[in-house]
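Residues per chain are reported as follows:
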Amino acid sequence: MLKTSVKTWNWLGFTFLLLSISSALLNISVFGSTYIVFYGLSVIGFIIGFTGWLLLKSQPVDSITRIAGNIGCFGNLAIVILFFLPFYFLWGTYIFGP
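None of the values given here were measured: they were computed from a predicted structure.

What counts and how
The numbering scheme is per chain: residues are counted from 1 as the chain's sequence reads. Totals for whole chains, interfaces and linings use all residues, but because this is a predicted model, local features are given only for residues with pLDDT of at least 70 and pairs of side-chain atoms are given and counted only at 80 or more. Excluding hydrogens and water, the side-chain values take into account all heavy atoms of the structure. Runs of E in the DSSP output that reach at least two residues are strands. Runs of H or I that reach at least four are helices, and both are numbered from the N terminus. How far a helix is expected to stretch is found by multiplying one less than its residue total by 1.5 Å. In this scheme, a residue with accessible area under 20% of its type's maximum is buried, one over 50% is exposed, and one in between is partly exposed, where area comes from a 1.4 Å probe on protein chains only. Each C-beta atom gives one direction from the helix axis, and the arc is the one those directions make. Contacts between residues were defined by any pair of non-hydrogen atoms, one from each residue, lying within 4.5 Å. Just to be clear on terms, a salt bridge is a Lys or Arg side-chain nitrogen sitting within 4 Å of an Asp or Glu carboxyl oxygen. Nonpolar side chains (Val, Leu, Ile, Met, Phe, Trp, Tyr) are joined into patches within 5 Å and like charges within 9 Å, using only residues with over 30% relative accessible area and no salt bridge. For every accessible area listed, the method is Shrake-Rupley and the probe measures 1.4 Å; residues are considered covered only by the protein chains on display. For the purposes of these results, a polar contact is taken to be a pair of N or O atoms within 3.5 Å, where, inside protein, one atom must be able to donate a hydrogen and its partner to accept one; residues adjacent in sequence count only when each atom of the pair is a side-chain atom.

> Outline helix α3 (residues 63–82), supporting the account with residue identities and numerical values.
Compared with an ideal rise of 1.5 Å per residue, which puts 20 residues at 28 Å, α3 spans 28 Å between its outermost C-alpha atoms and is within 8% of the ideal. Looking only at α3, the buried set comprises Thr65, Ala68, Gly69, Gly72, Cys73, Asn76, Ile79 and Val80. Viewed along the axis of α3, the buried residues span an arc of 140 degrees, placing them on a single side of the element.

This is the structure in structure tokens:
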């Protein structure tokens, strides 16, 4: 039962990462803002992925599930950090400049 739970958490984290990226590419918006959907899915995906990553330490699973779980957790973490509004404005200004 625990092994199924570990797989579910890890694959859900990876799925939320894919949903977040595809929502940004397809310009899916809520209240006229694509950022809300993109960042919201990433935060939820990080919470789910981090839970799966913690469960990975206690239960051995297949390597594909382990890889998907790590990509889901750390991919969502990267999006959450990079696109946090104060950081996003800073690096966006320096890269794309005035």
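> Can you explain the side chain of Ser23? Please cite residues and give values.
The topology assignment puts Ser23 in helix α1 (residues 2–25). The class for Ser23 is buried, based on a relative accessible area of 2%. Contacts of Ser23, omitting those with residues within four sequence positions, involve Ile28, Val37, Phe38 and Leu41.

> A description of the pattern of salt bridges should follow, citing residues and the corresponding values.
Following the criterion strictly, the structure yields one salt bridge and no others. When the shortest N-O distance is used, the salt bridge between Asp62 and Lys7 registers 3.7 Å. Separated by 55 residues along the polypeptide, Asp62 in the loop between α2 (34–56) and α3 and Lys7 in helix α1 bring together distant segments of the chain. Using a relative accessible area of 34% as the deciding quantity, one classes Asp62 as partly exposed.

> Go over a nonpolar patch on the surface with me, naming the residues and quoting the values.
A surface patch of nonpolar side chains, amounting to about 570 Å² of accessible area, comprises Ile81, Phe84, Phe87, Leu90 and Tyr94. Owing to a relative accessible area of 44%, Phe87 belongs among the partly exposed residues under this scheme.

> Go over the environment of Pro60, please, and point to the residues and values.
Here Pro60 lies in the loop between α2 and α3. Owing to a relative accessible area of 56%, Pro60 belongs among the exposed residues under this scheme. Non-local contacts of Pro60, meaning those with residues more than four positions away in its chain, are made with Lys3 and Arg66.

> Tell me about the side chain of Thr65, and please be specific about residues and values.
Here Thr65 is to be found in helix α3. One polar contact links Thr65 to Trp11, side chain to side chain, over a distance of 3.3 Å. With residues near it in sequence (within four places) discarded, Thr65 still touches Lys7, Asn10 and Trp11.

> Requested: an account of the environment of Leu82, with residues and values cited.
Looking at where Leu82 falls in the secondary structure, it is placed in helix α3. In this structure Leu82 comes out as partly exposed when scored by relative accessible area, which is 44%. Once the C-alpha coordinates of Leu82 and Gly92 are considered, the two residues, ten residues apart in sequence, prove to be 10.0 Å apart. Ignoring anything within four residues of it in the chain, the contact list for Leu82 reads Phe87, Tyr88 and Trp91.

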